[in-house]
Amino acid sequence: MKYQFIISGVIGQEYDWWSGQRGTTTKMVRDFLDKHPDEEVDIAVSSPGGAVDQGLEIYDAIAQHGKVNAHIIGMTASAATFLCMGAKHIDMVDGSLMLIHNCSNMVFEWDSVNKEQLDQIIAKYQKMRKDLDTIDKVIASLYAKKTGKKLEECMEKMTTAMWLTPQDCLDFGLIDSIRKDDELT
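Residues numbered from 1 in each chain as written. Predicted model: local features only at pLDDT ≥ 70, side-chain atom pairs only at ≥ 80, totals over all residues. Heavy atoms only, no water.

## Section: the overall build of the chain
Along its length, the chain carries six helices and 10 strands. For the chain, the spread of C-alpha atoms along the principal axes amounts to about 65 × 35 × 30 Å. Partitioning the contacts of the chain with sequence separation of at least 6, the portion at a separation of at least 24 is 65%. Counting 20 positive and 29 negative side-chain charges, the chain places the averaged centre of each group 3 Å from the other. (Helix = DSSP H or I, 4+ residues; strand = E, 2+ residues; numbered from the N terminus. Contact = heavy atoms within 4.5 Å. Lys, Arg positive; Asp, Glu negative; His and termini not counted. Charge placed at Lys NZ, Arg CZ, Asp CG, Glu CD.)

## Examining helix α2 (residues 52-65)
Along its 14 residues, α2 runs 20 Å from first to last C-alpha, staying within 8% of the 20 Å computed at 1.5 Å per residue. The set of residues buried in α2 consists of Q54, G55, I58, Y59, A61, I62 and H65. For α2, the arc enclosing every buried residue in end-on projection is 165 degrees, short of the 170-degree limit, so these residues lie on one face. The elements touched by buried residues of α2 are β1 (5-11), α1 (26-35), β4 (41-50), β5 (68-72), α3 (79-82) and α4 (115-147). One or two positions beyond α2, positive phi appears at G66, with a value near 85 degrees. (Expected span 1.5 Å × (residues − 1). Buried < 20%, exposed > 50% of the residue type's maximum accessible area, 1.4 Å probe, protein only. Arc of directions from axis to C-beta.)

## Some remarks on the layout of surface pockets
By rolling a water-sized probe across the atoms, one finds the places where empty space is left. By volume, the largest pocket is sized at about 230 Å³. As for the largest pocket, its lining consists of 18 residues, and the residues nearest its centre are G50, V52, S78, H101 and C103. Among the secondary structure elements, those contributing two or more residues to the lining of the largest pocket are β4, α3 and α4. Looking at which element gives the most residues to the lining of the largest pocket, the answer is α4, with four residues. Looking at the lining of the largest pocket residue by residue, the classes come out as 10 nonpolar, eight polar and no charged. (1 Å grid on protein atoms, 1.4 Å probe; cavity = no way out; pocket = protein on both sides within 12 Å on 5 of 7 lines; lining within 4 Å. Points joined across faces, edges and corners; volume = space filled by probe spheres on them. Nonpolar A, V, L, I, M, F, W, Y, C, P; charged D, E, K, R; others polar.)

## Looking at the nonpolar core
Grouped together as the largest cluster of nonpolar side chains are 41 residues, with contacts concentrated most on I7, L33, I43, Y143 and L174. When residues of this core are assigned to their parent elements, the largest contribution, five residues, is made by α4. Setting aside chain neighbours within four positions, we find I7 in contact with T24, V29, I43, A44, V45, S46, S47, I58 and L83. (Core = buried A, V, L, I, M, F, W, Y, C linked by side-chain atoms within 4.5 Å.)

## Describing the packing of aromatic side chains
Considering all chains together, one arrives at one aromatic pair under this definition. Across from the ring centre of F172, 5.2 Å away, lies the NZ or CZ of K149, which sits over that ring. When the ring centre of F172 is taken as origin, the NZ or CZ atom of K157, which lies over that ring, is 4.8 Å away. (Phe/Tyr/Trp six-rings, centres within 6.5 Å; stacked < 30°, edge-to-face > 60°. Lys NZ or Arg CZ within 6 Å of the ring centre and 35° of its normal.)

## Regarding the environment of K127
By the secondary structure assignment, K127 is in helix α4. With a relative accessible area of 51%, K127 lands in the exposed category. Only 2.6 Å separates the side chain of K127 from the side chain of D131, close enough to count as a polar contact. (Polar contact = N/O pair within 3.5 Å; in protein donor to acceptor, adjacent residues only side chain to side chain.)

## Side note on the side chain of T81
With respect to the helices and strands, T81 occurs in helix α3. Classification of T81 by relative accessible area gives buried; the value is 0%. Here the side chain of T81 touches Y143 through a polar contact of 2.6 Å, side chain to side chain. Excluding anything up to four places from it in sequence, T81 contacts T76, M98, L99, I100 and Y143.

These figures capture arrangement, not role.
So, in structure tokens, the structure goes:
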């Protein structure tokens, strides 16, 4: 299969200087889709994920285009999975993997604090916890819309954070079909 665009590398990073890998940004996807406004397009996705905000924007761009077929290849995780949920059709190549999980934030504390300062740190992390819960619910709603499952079922699946086979994804409703190797030409 010939893909007209490939979403790979870190979502939200055009180039990762640390790894030397090209990533995919919202702008790159929107520019591609804008060049093919009335065409059905095939986009391959193989990415470890990345920035939630960019993943949500790419989801919207794909959904608004309306004629995108997403093809999950390799190991696709995190933001790279939920952005696919905006596609008209999603397939997964036999031998690929998908990981859906709860979102996360970086946490850095290395300090000596008194009890008032500790209360401030606790309050900061309680707010972060609430924000992460809200983000998880938004992401789960995208999976629920695709699968027809309840929000709670999708949140439970995200909490397990396990790699899913194409059959697992098909059974849960995250994809529409599994593409066998002999279909790859």
